[in-house]
Amino acid sequence: TSLSTSFLAAMGLDLGGDLLAGDANNRRGYFEDRRFLELNRRILAACCAADDGGHPDWGWTEGETFDAARLGSHAEAGRRLLEEIGACSGPWGFKDPRTTLLLDFWDRLLDDARYVLVYRHPWDVADSMQRLGAEVFLRRPDYAPRIWSFYNRHLLDFYHRHRERCVLASTHALIEQPEAFAELVIGKLGLELEATSLVGVYDQQELTNLPFGVPLPRLYAATYPETLPVLGSLEAEADLPSDRSRVELAGAGEALRPYRFTPSPEVAEPPVAVVIPCRDHGHQVIEAIASVERSIPEPYELIVVDDGSTDAATVEILGRLRAAGYHVERQEAQGVCAARNRAFELVRAPYVI
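Residues numbered from 1 in each chain as written. Predicted model: local features only at pLDDT ≥ 70, side-chain atom pairs only at ≥ 80, totals over all residues. Heavy atoms only, no water.

(A) The arrangement of the packing of aromatic side chains in detail. On inspection of all chains with the given rule, the structure shows 11 aromatic pairs. An aromatic cluster of at least three residues, connected via ring pairs, comprises Phe36, Trp92, Phe94, Phe105 and Trp106. (Phe/Tyr/Trp six-rings, centres within 6.5 Å; stacked < 30°, edge-to-face > 60°.)

(B) The arrangement of the environment of Ser233 in detail. Residue placement: Ser233 occurs in helix H11 (residues 227-237). As for Ser233 and Asn152, which are separated by 81 residues in sequence, their C-alpha atoms are 9.8 Å apart. (Helix = DSSP H or I, 4+ residues; strand = E, 2+ residues; numbered from the N terminus.)

(C) Quick look at helix H5 (residues 122-132). Buried within H5 are the following residues: Pro122, Trp123, Asp124, Val125, Ala126 and Met129. Positive phi appears at Gly133, one or two residues downstream of H5, with a value of about 80°. (Buried < 20%, exposed > 50% of the residue type's maximum accessible area, 1.4 Å probe, protein only.)

(D) Spatial organisation of the pattern of salt bridges. Counted according to the given criterion, the structure contains 28 salt bridges. A salt bridge links Arg41 to Asp57, with the shortest nitrogen-to-oxygen separation between them at 3.0 Å. Here Arg41, found in helix H2 (residues 34-47), pairs with Asp57, found in the loop between H2 and helix H3 (75-85); they are 16 residues apart in sequence, far enough to count as distant. In this structure Arg41 comes out as partly exposed when scored by relative accessible area, which is 36%. (Salt bridge = Lys/Arg side-chain N within 4 Å of Asp/Glu carboxyl O.)

(E) Examining the pairing of strand S1 (residues 115-119) more closely. Most of S1 is tucked away, with 4 of its 5 residues classed as buried. Of the strand pairs in this sheet, S1 and strand S2 (residues 166-170) are connected by 5 bridges, and their pairing is parallel. Paired with Val118 across the two strands is Ala169, which belongs to S2. (Pairing = 2+ DSSP bridges.)

(F) Just unusual backbone geometry, in detail. Phi at Asp112 takes a positive value of approximately 55°, unusual for a residue other than glycine. Examined against the element boundaries, Asp112 turns out to sit in the loop between helix H4 (103-109) and S1. The exposure class of Asp112 is partly exposed, given its relative accessible area of 43%. Although it is not a glycine, Asp280 sits at a positive phi angle of roughly 60°. Tracing the backbone through its elements, the reader meets Asp280 in the loop between strand S3 (272-278) and helix H13 (282-295).

(G) Representation of the environment of Arg260. Locating Arg260 in the fold gives a position in the loop between helix H12 (243-252) and S3. Note: C-alpha distance between Arg260 and Asp124 (136 residues apart in sequence) is 27 Å. Each residue touching Arg260, except ones within four places of it in the same chain, is listed here: Gly325, Tyr326 and His327. (Contact = heavy atoms within 4.5 Å.)

(H) Spotlight on the packing of H2 against H3. Closest axis-to-axis distance for the H2/H3 pair is 11 Å, and the angle between their directions is 180°. On the basis of their axis angle, the class for H2 and H3 is roughly antiparallel. Taken together, the residues of H3 that come into contact with H2 (itself represented by Arg35, Phe36 and Leu39) are Ala77, Gly78, Leu81, Leu82, Glu84 and Ile85. Residues belonging to the contact of H2 with H3 are distributed by class as follows: 6 nonpolar, 1 polar and 2 charged. (Axes fitted to C-alpha atoms, helices over the stretch in contact; angles between N-to-C directions. Parallel < 35°, antiparallel > 145°, perpendicular 65-115°, else oblique. Nonpolar A, V, L, I, M, F, W, Y, C, P; charged D, E, K, R; others polar.)

(I) Structural context of the nonpolar core. Core analysis: the biggest nonpolar cluster contains 69 residues, and Phe66, Trp106, Ile289 and Leu321 have the highest contact counts within it. Among the elements that take part in this core, helix H7 (residues 143-162) stands out by supplying 10 residues, more than any other. Beyond its immediate stretch of four places on either side in the chain, Phe66 contacts Leu44, Cys47, Cys48, Gly59, Leu71, Leu101, Leu102 and Phe150. (Core = buried A, V, L, I, M, F, W, Y, C linked by side-chain atoms within 4.5 Å.)

(J) Structural context of the sheet that holds S3. Spatial strand order, S5-S4-S3-S6: 4 strands in an open sheet with parallel pairing. Two strands close off the open sheet at either side, each with one partner strand: strand S5 (327-331) and strand S6 (351-352). Taken together, the 5 bridges between strand S4 (residues 301-307) and S5 define a ladder with parallel strand orientation. Bridging from a neighbouring strand, Val304 pairs with Val328 of S5. Seen against the sheet, H13 touches S3 and S4 and runs at an angle of roughly 170° to S3.

(K) View of the side chain of Ser4. Structurally, Ser4 is set in helix H1 (residues 2-10). A distance of 3.0 Å separates the side chain of Ser4 from the backbone oxygen of Thr1, its partner in a polar contact. Those residues in contact with Ser4 that lie beyond four places of it in its chain are Val118, Leu174 and Phe181. (Polar contact = N/O pair within 3.5 Å; in protein donor to acceptor, adjacent residues only side chain to side chain.)

(L) Local environment of helix H14 (residues 312-323). With 12 residues, H14 extends 16 Å from end C-alpha to end C-alpha; this agrees with the ideal 16 Å at 1.5 Å per step. Among all positions of H14, only Ala313, Thr314, Ile317, Leu318 and Leu321 are buried. Down the axis of H14, the buried side of the element spans an arc of 125°, and every buried residue falls inside it. Among the exposed residues of H14, those pointing more than 90 degrees away from its buried face are Ala312 and Ala323. Those residues of H14 hidden inside the fold are in contact with helix H10 (216-223), S3, H13, S4 and S5. Of the residues one or two after H14, Gly325 is the one with positive phi, at around 115°. (Expected span 1.5 Å × (residues − 1). Arc of directions from axis to C-beta.)

(M) Spotlight on the state of the cysteines. Considering all chains together, one arrives at 0 disulfides under this definition. Cys337 carries a free sulfur, and the closest cysteine sulfur to it, the one in Cys278, is 16 Å from it. (Disulfide = S-S within 2.5 Å.)

(N) How the structure looks around the environment of Arg348. Turning to its location among the elements, Arg348 is positioned in the loop between helix H15 (336-346) and S6. Counting along the chain gives 75 residues from Arg348 to Ala273, while the straight-line C-alpha distance between them is 7.7 Å. Residues contacting Arg348, with those up to four places away along its chain left out, are Phe261, Pro263, Glu269, Pro270 and Glu301.

All quantities given are derived from atomic positions and should not be read as evidence of function.
Printed below as a string of structure tokens:
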């Protein structure tokens, strides 16, 4: 969202003067008006059940208890904020990712508003959330795909009802086709902005996406299958999809075919084994396996030892990996050393990572 809004700012969109400052995660700034940000936060907190965990600051709880019926009580605060901004001489706007859950709220208050809706692959979002370093996401990495699905279901629903006033674009496409994005904003949305060159606005160090062809999308298909239909709908309906991501999505939808070492006349035993001890860190196991699959040439052994995981999300992920054909060995909780030793008993290779 910061990338797309930086493009709009470069094209002359008025985003206000009281913007959230940049930080180590986003040095160029977030392009977010503090007044809208603070009001959105208050509204989302009021619409979430207080005893349902999750991350209410983003309007998401474990049971997805977001209560849209409570939005009406905040309408007057929204009107006062819009009056405070007053009439602008040209196109103006605001940005806050939380607005995804409040699109209908603001649409009722604004006259003929236009919307730029951007989406990113769930595995890239999960990686970004880990990089943020917030304790809630480090402790519960499984929140990432669940929040991603929740937000993008809302985004798609709004786009279906108001597509004539929306531009829906892939983050990959923004990076690869900034000029096409500018043409859509001016042409489809009819905004009187400058058709200026956006080359150089994107900073590769500020936003990174996993390269195409890595194993992680296939692993997501097996372990977080609820994300793939949503991503497929986004790509199919976007005004600016990523063609390469359509190809990747097709690959992600294939059944997993994990490599399993089989002795042959040429190779009697694998030269190396990779063992992954795990207890209640299912999401990290997915990324670890993806790292192995893209880094180590065949043949090799891969063994995951589940050291008595009790976290429901981890147990489910490991079960799906086992069902997909990965060697997942479960034992009662005995500690990481015992988990490693159990794996060492099972491997046939002379070297172990």
